Amino acid sequence: MIIILSETFLLNYLIAIVTSIIIAIGIKMPVLPEKPRRFSWTNSALFPTPIIAIGLLAICFSIKFLWIYDGMVLAMIIGIISPLVVKYLFNYVFPNPPVLLEEENE
């Protein structure tokens, strides 16, 4: 299966990314996760918010749901919805892993 991306699709992904980061900062999500970043489970404006926005937009584009203006309005709406989902629903859908007894003693 060959996927051909046009400039409008790439622009729509960029709109979704930028909108999601701006809204995430606007609703007071941290820009970066806590340190050490490798072991942090903190949701931030840079991860996983734009990834969720890109994924939702890709799902809509794959089922040929573009809506109006070749999907630009859809990209903005998904960019607004994804930080809200990450901030308020992400931990219910993907709970934090349990703490091991060895890590708890350290």
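Before reading on, note that the structure itself is shown above.
Residues numbered from 1 in each chain as written. Predicted model: local features only at pLDDT ≥ 70, side-chain atom pairs only at ≥ 80, totals over all residues. Heavy atoms only, no water.

S.K.: Sorry if this is basic, but what is going on with the side chain of Ser20 here?
M.R.: With respect to the helices and strands, the residue Ser20 is situated in helix H1 (residues 7-26). Since its relative accessible area comes to 0%, Ser20 is described here as buried. In this structure the side chain of Ser20 is engaged in a polar contact, spanning 2.8 Å, whose partner is the backbone oxygen of Ile17. (Helix = DSSP H or I, 4+ residues; strand = E, 2+ residues; numbered from the N terminus. Buried < 20%, exposed > 50% of the residue type's maximum accessible area, 1.4 Å probe, protein only. Polar contact = N/O pair within 3.5 Å; in protein donor to acceptor, adjacent residues only side chain to side chain.)

S.K.: In this structure, what is going on with the nonpolar core? I would like to understand it.
M.R.: A general feature of soluble globular proteins is that nonpolar side chains tend to end up buried together. One finds Tyr13, Ala16, Ala53, Leu57, Cys60, Phe61, Leu74, Ala75 and Ile78 forming the largest nonpolar core, which totals 9 residues. Breaking this core down by element, the ones donating at least two residues are H1, helix H2 (49-62) and helix H3 (72-88). Excluding its chain neighbours within four sequence positions, the residues that come into contact with Phe61 are Phe9, Asn12, Tyr13, Leu66, Gly71 and Leu74. (Core = buried A, V, L, I, M, F, W, Y, C linked by side-chain atoms within 4.5 Å. Contact = heavy atoms within 4.5 Å.)

S.K.: Help me understand the packing of aromatic side chains, please; the structure alone is not making it clear to me.
M.R.: For any pair of aromatic rings, geometry is given as the distance between the ring centres together with the angle between the planes. Applying the stated criterion across every chain, the model contains 3 aromatic pairs. Seen from their ring centres, Phe9 and Phe61 are 4.7 Å apart, and the 35° between their planes marks the pair as tilted. Pair noted here: Phe9 is in helix H1 and Phe61 is in helix H2, with a separation of 52 residues, a long-range link. Residue class for Phe9 comes out partly exposed when judged on its relative accessible area of 22%. Centre to centre, the rings of Tyr13 and Phe61 are 5.7 Å apart; their planes meet at 70°, and the pair counts as edge-to-face. One end of the pair, Tyr13, is in helix H1; the other, Phe61, is in helix H2, and 48 residues separate them in sequence. As far as the burial class goes, Tyr13 and Phe61 line up, both buried. Three or more aromatic residues link up through ring pairs in this structure, and these residues are Phe9, Tyr13 and Phe61. (Phe/Tyr/Trp six-rings, centres within 6.5 Å; stacked < 30°, edge-to-face > 60°.)

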